[in-house]
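One letter stands for each residue in the lines below.
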Amino acid sequence: MRMPAPDETVIARREAIAADLSRIVAADAVILPEDERRAYESDGLTAYRQLPLLVVLPSTTAEVAAVLRYCQKEGVKVVPRGAGTSLSGGALPLADGIILGLGKFNRVLEVDYDNRCAVVQPGVTNLGITTAVQGRGFYYAPDPSSQIACTIGGNVAENSGGVHCLKYGLTTNNVLGIEMVLINGEVLRLGGKHMDAEGYDLLGVMIGSEGLLGVVTEVTVRILPKPTTARAVLMGFPSNGSAGDCVAAIIGAGIIPGGMEMMDKPAIHAAEAFVHAGYPLDVEALLIVELDGPPAEVDHLIERVEAIGRANSAVSCRVSNSEAERMVFWAGRKAAFPAVGRISPDYYCVDPTIPRKRLADVLERMTQIATKHGLRVANVFHAGDGNLHPLILYDANKPGELDAAEQVGSEIMSYCVEVGGVLTGEHGVGVEKRDLMSTMFTEDDLNQQLRVKCAFDPDGLLNPGKQFPQLHRCAELGRLHIHHGQVPHPGIERL
């Protein structure tokens, strides 16, 4: 008897799973055609892509639970996906796994102004939360640059930040509760509208877990009253070092700005050409410092920040005198990524975080690393909390340049860990940093983290291949061995 060809086996498995899932969700919520699956083959880390086995788009928590229960029973791998804006490959599909898309979970369920919170589904965009509450003078504080597209579910998965995270915190500081579904179909609620919960901090474990522990189907977020006044200071510096010194001096003076962002010369020129924000082009570094609060407080702090800037060699200083002008200051920073895309065919962005006092040193080392590999780097980052976003410029059409860009990113992240920083500030580990985890964690650290994963997902079906360099199942926990170095991802194609 002729054995079926591998392709026939895959097709048969795909069709069987699709038929089963079509009895759980609507028939048109299961995506089989290759050209339709192609839309899900990559996330924001576009150098890697892989067609999923199939895509399923549930509409309710009950459907998510039923899908996950089925997948555990049949041993089907599951990659949860929101808007697919992850820059670390967190939503990268698997050839032998399904994509569980949460795009239909896009409703604001409740706004409770008395308790200053909102209950939303995971497919609501970050900016969509603010849009829903701004009519009453409220907003949602975390504001990643992709906020117009990224979803709150993805923010929870990656613990996203944004330009105002210095004062108002990351996602973990602004989420009060979640509803989640375990791989066995059990629905749990962690936290709620109250400020804190008793017992183990399972909510803290889930935020930033990158889809490895469960699927979030509802999020309760904290909303804040919009500050009475917000003004921004735009300061230019003759060097990255002087700008970094100014950052340290502002924080050292006890001033906590609403946001404090830094851009180097390549990023400044790219953003100005794209947005025409009025940025000075004769400086090496630009600092945007925003102060918010009561008018008298803001006016006082503006004067102090200007004085600190001048004491640290600022060669230009502009203060926003209207809301429109403040928004123009931020427009260039918010558009920095697409702006850099106009000056280079491709760029690769990493997001290590370092102690603020090492800013000048690390920026200089970045340039040295990039130059060594024949590439350039444009820097734009959250200066206040040391979360760097170096954009490594390359051309994927030139042989070897993608490899060089990845090597530059690897060396930059390793150096940041060396000076006391961490691999990721908000983009997550995904597949991008997975094989660098041993530069930051010991084998015992990684094994303990994996045990947490296995407590939630004993068969390793949720987003496998992400975050951990190990390739074993939970049954092997008694004889764990970390596979150091580059571990291949079966079925994943890198362009």
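All values reported here derive from a predicted model rather than from experimental measurement.

1. Considerations on the environment of Pro355
Okay, so step 1: Following the sequence through the fold, Pro355 ends up in the loop between strand E17 (346-349) and helix H13 (359-372).
Okay, so step 2: In the structure, Pro355 is positioned 67 residues away from Val422 in sequence and 9.4 Å away in space, judged by C-alpha atoms.
Okay, so step 3: The residues touching Pro355, leaving out its near neighbours within four places in the chain, are Val419, Gly420 and Gly421.

2. Observations concerning the packing of H13 against helix H14 (residues 401-418)
A pair of packed helices is captured by two measures, namely the crossing angle of their axes and the spacing between those axes.
Okay, so step 1: Remark: H13 packs on H14, axes separated minimally by 10 Å, with the N-to-C direction vectors making an angle of 155 degrees. One finds that H13 runs roughly antiparallel with respect to H14. The way H13 lies across H14 gives a crossing that is right-handed. Contact with H13, carried on its side by Asp361, Val362, Arg365, Met366, Ile369, Ala370 and Lys372, involves Val408, Glu411, Ile412, Tyr415 and Cys416 of H14 and no other residues of that element.
Okay, so step 2: Looking at the contact of H13 with H14 residue by residue, the class counts come to eight nonpolar, no polar and four charged.

3. Side note on unusual backbone geometry
Okay, so step 1: At Arg116, a residue that is not glycine, the phi angle is positive and equals roughly 55 degrees.
Okay, so step 2: Tracing the chain through its elements places Arg116 in the loop between strand E6 (108-112) and strand E7 (117-120).

4. A closer look at the nonpolar core
Okay, so step 1: In terms of nonpolar packing, the biggest core is built from 57 residues, with Leu287 and Leu291 touching the most fellow members.
Okay, so step 2: When residues of this core are assigned to their parent elements, the largest contribution, nine residues, is made by H14.
Okay, so step 3: Residues contacting Leu291, with those up to four places away along its chain left out, are Thr229, Ala230, Arg231, Val233, Ile255, Pro257, Gly258, Val298, Leu301, Ile302 and Val305.
Okay, so step 4: Counting 33 residues, the second-largest nonpolar core is a separate cluster that includes Leu54, Ala65, Val67 and Leu68.

5. Remarks on the sheet that holds strand E9 (residues 175-181)
Okay, so step 1: The five strands are arranged E6-E7-E11-E9-E10 in an open sheet whose pairing can be described as antiparallel. Lying at the two open borders of the sheet, with one neighbouring strand each, are E6 and strand E10 (187-191). In this sheet, adjacent strand axes meet at a mean angle of 15 degrees when their direction is disregarded.
Okay, so step 2: Bridge analysis of E9 against strand E11 (residues 215-222) gives six bridges, and the strand direction is antiparallel.

6. Looking at helix H16 (residues 443-456)
Okay, so step 1: End to end, H16 covers 21 Å across 14 residues, agreeing with the expected 20 Å (1.5 Å per residue, within 8%).
Okay, so step 2: Those residues of H16 lying buried are Leu446, Asn447, Leu450, Lys453, Cys454 and Phe456.
Okay, so step 3: Of the surrounding secondary structure, the elements contacted by the buried residues of H16 are E9, helix H7 (202-206) and helix H15 (437-440).

7. Some points on the environment of Pro266
Okay, so step 1: With respect to the helices and strands, Pro266 occurs in helix H9 (residues 265-275).
Okay, so step 2: A C-alpha to C-alpha distance of 5.3 Å links Pro266 and Ala378, two positions 112 residues apart in sequence.
Okay, so step 3: Setting aside its immediate chain neighbours within four residues, Pro266 contacts Ile343, Val377 and Ala378.

8. Examining the packing of aromatic side chains
Okay, so step 1: The tally for this structure, following the rule as stated, stands at three aromatic pairs.
Okay, so step 2: For the pair Tyr113 and Phe138, a centre-to-centre distance of 5.3 Å together with 50 degrees between the ring planes defines the contact as tilted. Linking Tyr113 in the loop between E6 and E7 with Phe138 in strand E8 (residues 138-139), this pair joins segments that are 25 residues apart in sequence. Phe138 shares its class with Tyr113; the two are buried.
Okay, so step 3: Stacked on the ring of Tyr113, the Lys or Arg Arg136 has its end atom at 4.0 Å from the ring centre.

9. Describing the pairing of strand E14 (residues 259-264)
Okay, so step 1: Across the six residues of E14, six count as buried, placing the element largely inside the fold.
Okay, so step 2: Of the two faces of E14, both are covered, the one formed by Gly259, Glu261 and Met263 as well as the one formed by Met260, Met262 and Asp264.
Okay, so step 3: In the sheet, E14 pairs with strand E15 (residues 285-293) via six bridges, with the strands oriented antiparallel. From the neighbouring strand, Met260 faces E15, where its bridge partner is Val289.
Okay, so step 4: One ladder, built from three bridges, connects E14 with strand E18 (residues 376-382); its direction is antiparallel. Counted as the bridge partner of Glu261 is His382 from E18.

10. Regarding the pattern of salt bridges
Okay, so step 1: Under the defined criterion, the tally for this structure stands at 23 salt bridges.
Okay, so step 2: Salt-bridge contacts for Asp112 lead to Lys193; the nearest nitrogen and oxygen are separated by 3.1 Å. One end of the pair, Asp112, is in strand E6; the other, Lys193, is in the loop between E10 and H7, and 81 residues separate them in sequence.
Okay, so step 3: Linked through salt bridges whose partners overlap, the residues forming this network are Glu34, Arg38, Glu41 and Arg49.

Calculation rules
Residues numbered from 1 in each chain as written. Predicted model: local features only at pLDDT ≥ 70, side-chain atom pairs only at ≥ 80, totals over all residues. Heavy atoms only, no water. Helix = DSSP H or I, 4+ residues; strand = E, 2+ residues; numbered from the N terminus. Contact = heavy atoms within 4.5 Å. Axes fitted to C-alpha atoms, helices over the stretch in contact; angles between N-to-C directions. Parallel < 35°, antiparallel > 145°, perpendicular 65-115°, else oblique. Left-handed = near helix turned anticlockwise from the far one by under 90°. Nonpolar A, V, L, I, M, F, W, Y, C, P; charged D, E, K, R; others polar. Core = buried A, V, L, I, M, F, W, Y, C linked by side-chain atoms within 4.5 Å. Buried < 20%, exposed > 50% of the residue type's maximum accessible area, 1.4 Å probe, protein only. Pairing = 2+ DSSP bridges. Expected span 1.5 Å × (residues − 1). Phe/Tyr/Trp six-rings, centres within 6.5 Å; stacked < 30°, edge-to-face > 60°. Lys NZ or Arg CZ within 6 Å of the ring centre and 35° of its normal. Salt bridge = Lys/Arg side-chain N within 4 Å of Asp/Glu carboxyl O.

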